[in-house]
Amino acid sequence: TFVSLAARLADATPALSAWISMPDPLIAESAARAGFDAVTLDMQHGLHDPVSVMRGVAAVTLAGQPTIVRVPVGDFAMASRALDMGASAVIAPMINSVADAEALVAATKYPPVGQRSWGPTRAIQLQGIDPAAYLANANQTTLAFAMIETLAAMAALDAILEVPGLDAVFIGPSDLSIALSNGANVDPMRIDNQDAASAIRARAHAAGKRVGIFALNGAQARLYRALGYDFIALGVDAAYFALGAAAMLADARRD
Ligand code: 3PY
Ligand code: MG
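Everything in this summary refers to the structure shown in the same document. (Residues numbered from 1 in each chain as written. Chains lettered and ligands numbered in written order. Predicted model: local features only at pLDDT ≥ 70, side-chain atom pairs only at ≥ 80, totals over all residues. Heavy atoms only, no water.)

In this model, Thr13 is joined to Pro14 through a cis peptide bond whose omega is 0 degrees. For Pro14, the location among the structural elements is in the loop between α1 (5-11) and β1 (15-20). Note that the residue after Pro111, namely Pro112, is joined by a cis bond; omega there is 10 degrees. Structurally, the position occupied by Pro112 is in the loop between α5 (98-108) and α6 (121-127). With a phi close to 55 degrees, Asn182 is a non-glycine residue in the positive phi region. Structurally, Asn182 is set in the loop between α10 (173-180) and α11 (191-206). Under the relative-accessibility criterion, Asn182 is labelled exposed at 74%. (Helix = DSSP H or I, 4+ residues; strand = E, 2+ residues; numbered from the N terminus. Buried < 20%, exposed > 50% of the residue type's maximum accessible area, 1.4 Å probe, protein only.)

A few words on the side chain of Arg116. By the element assignment, Arg116 lies in the loop between α5 and α6. For Arg116, the side chain forms a polar contact with the side chain of Asp84, separated by 2.9 Å. (Polar contact = N/O pair within 3.5 Å; in protein donor to acceptor, adjacent residues only side chain to side chain.)

For the pair helix α2 (residues 25-33) and helix α3 (residues 50-62), the least separation of the axes is 8 Å and the interaxial angle reads 25 degrees. Here α2 lies roughly parallel to α3, going by the angle between them. When the axes of α2 and α3 are compared, the crossing they make is right-handed. Contacts from Pro25, Ala28, Glu29 and Ala32 in α2 reach Arg55, Gly56, Ala59 and Val60 in α3. (Axes fitted to C-alpha atoms, helices over the stretch in contact; angles between N-to-C directions. Parallel < 35°, antiparallel > 145°, perpendicular 65-115°, else oblique. Left-handed = near helix turned anticlockwise from the far one by under 90°. Contact = heavy atoms within 4.5 Å.)

All right, on to the side chain of Lys109 then. Inspection of the secondary structure assignment puts Lys109 in the loop between α5 and α6. In contact with Lys109, not counting residues within four places along its chain, are Gly114, Gln115, Arg116, Asn139, Thr142, Leu143, Gly165 and Asp167.

For the rest of this paragraph, the subject is α10. Turning to α10, its buried residues number three or more, namely Pro173, Leu176 and Ser177. The arc that holds the buried residues of α10, viewed along the axis, is 100 degrees, so those residues lie on one side. Looking at the buried residues of α10, the elements they touch are α8 (151-155), β6 (168-171), α11, β7 (210-215) and α12 (218-227). (Arc of directions from axis to C-beta.)

The next thing to look at is the sheet that holds β6. Strand pairing in a sheet relies on backbone hydrogen bonds. The paired strands run either parallel or antiparallel. With parallel pairing, eight strands are arranged side by side around a closed barrel as β1-β2-β3-β4-β5-β6-β7-β8. The average angle at which neighbouring strand axes cross in this sheet is 25 degrees, direction not considered. In terms of strand pairing, β1 meets strand β2 (residues 38-42) through four bridges, oriented parallel. Across the sheet, the residue bridging to Ile20 is Leu41, located in β2. Against the sheet, helix α4 (residues 76-84) contacts β3 (67-70) and β4 (89-92), and its axis sits at roughly 165 degrees relative to β4. (Pairing = 2+ DSSP bridges.)

Close to ligand 1 lie Trp19, Arg70, Met147, Glu149, Gly172, Pro173, Ser174, Asp175 and Phe214, which account for all nearby residues. Note that an oxygen atom of ligand 1 is positioned 3.1 Å from one of the backbone N or O atoms of Pro173. Protein contacts shield 92% of the accessible area of ligand 1, which totals 230 Å² for the unbound molecule. At three residues, the largest contribution of residues to the shell around ligand 1 is made by α10. The class makeup of the residues in the shell around ligand 1 is four nonpolar, two polar and three charged. (Near = heavy atom within 4 Å. Areas by Shrake-Rupley, 256 points an atom, 1.4 Å probe, with all protein chains shown as cover. Nonpolar A, V, L, I, M, F, W, Y, C, P; charged D, E, K, R; others polar.)

Let us now look at the pattern of salt bridges. Counted by the stated rule, this structure contains seven salt bridges. Note that Asp42 and Arg70 form a salt bridge whose closest N and O atoms lie 2.8 Å from each other. A residue pair is termed long-range when its members are at least 10 positions apart, and Asp42 in strand β2 and Arg70 in strand β3 qualify at 28 residues. Taken as a pair, Asp42 and Arg70 share a single burial class, namely buried. (Salt bridge = Lys/Arg side-chain N within 4 Å of Asp/Glu carboxyl O.)

Put into structure tokens, the structure is as follows:
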């Protein structure tokens, strides 16, 4: 049976999501079966394209997990298409203004909240519901995450949080650390960067929004769990493979 990210967050907070760059659906399905609470397919920096997203969402859904799609920068049409393909949330990078946040909501919510165009054929197939039920529930069961990862986004944060229909924010700690150091370094764990992320989290929670963040490894994810994030994306598929291979080889070569 279909599980949306909204439903998963209601009973597993924080949800820990896999982060998948490799476009074969087998990779996404393997992550779904490995114990993550959700699977995110990355079109911004990862290799996913619209066809691989369609296949990946199906594989993850049939394995019983919610799928999230991070779309490319400014590609709000793809945000609609990801939901049409059955994703239960989208993450939009580089949301730097109220206009960006409004464009995200317009693409991902049906009227009267937004202007999402009708065509969720694949989502309806995968979720096993009828079109009327999909229309009645989609604005609640699909989530739009605005990525906050620039100085402009931090400056506009309170206004972005007031955009009707925006469900959640997702902090990009690497880009944020580059912005806060004026390009000097990329270091998500820098104290000033963690302070900025915590301030974003507190303001978003005060506005009633869910807050997600990206963790490079298990130690970072543990920190974010303790801090009260709702949704934590953990690592990346290439690292799961490399770490698993290294651990197995080391075990094999032990005397
Ligand atoms: C960032 O940290 O900038 C991200 O976009 C996380 O993937
Ligand atoms: Mg980023």
